[in-house]
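Chains, contacts and geometry: an overview
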Amino acid sequence: MNNKDSVRQIQPGAFAESVAGEEDPGASVDLVQPPAGQPGDEVPRGVPGTGEAICRVCGGSGRAEGGAPCEACGGTGKINVGVGGG
């Protein structure tokens, strides 16, 4: 039974708070995936104290000898390394 008037019965602000009382019901859902790492990365991407650096295998060109994509950086010319001191 489809009754178009049933939508009008929902009060304004009815969905401002979850049933469980969470402040932000969607806050625990992580829809953003960290970028995939490359085989030459020294540390996983997204870890604090890390950053991009020029690939040491291809020198940042993204190409191996013969013109094939560099296997260490996946052809990007960049790898992820630790940049912070501890």
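Relevant structure appears above.
Just so it is clear, the structure is predicted and the values come from calculations on it, not from any experiment. (Residues numbered from 1 in each chain as written. Predicted model: local features only at pLDDT ≥ 70, side-chain atom pairs only at ≥ 80, totals over all residues. Heavy atoms only, no water.)

Our next topic: the state of the cysteines. Under the defined criterion, the tally for this structure stands at 0 disulfides. Cys-58 takes part in no disulfide bond, and the closest cysteine sulfur to it belongs to Cys-55, at a distance of 3.8 Å. On the accessibility criterion, Cys-58 (14% relative accessible area) is buried. (Disulfide = S-S within 2.5 Å. Buried < 20%, exposed > 50% of the residue type's maximum accessible area, 1.4 Å probe, protein only.)

The next subject is the environment of Val-83. Relative to the assigned elements, Val-83 resides in the segment after β2 (78–82). Judged by its relative accessible area of 53%, Val-83 falls in the exposed class. Setting aside anything within four residues of it in sequence, one finds Val-83 in contact with Gly-49, Thr-50 and Gly-51. (Helix = DSSP H or I, 4+ residues; strand = E, 2+ residues; numbered from the N terminus. Contact = heavy atoms within 4.5 Å.)

This paragraph deals with the pattern of salt bridges. Pairs can form between side chains of opposite charge once their charged atoms are near each other. With the rule as written, the count across this model stands at 4 salt bridges. One salt bridge in this structure joins Arg-56 and Glu-42, with 2.0 Å as the shortest N-O distance. Of the two residues, Arg-56 sits in the loop between β1 (50–54) and β2 while Glu-42 sits in the segment before β1, which places them 14 residues apart along the sequence. With a relative accessible area of 60%, Arg-56 lands in the exposed category. Between Glu-52 and Arg-45 there is a salt bridge, with the nearest N and O atoms lying 3.7 Å from each other. (Salt bridge = Lys/Arg side-chain N within 4 Å of Asp/Glu carboxyl O.)

Read these as spatial facts, not as claims about activity.
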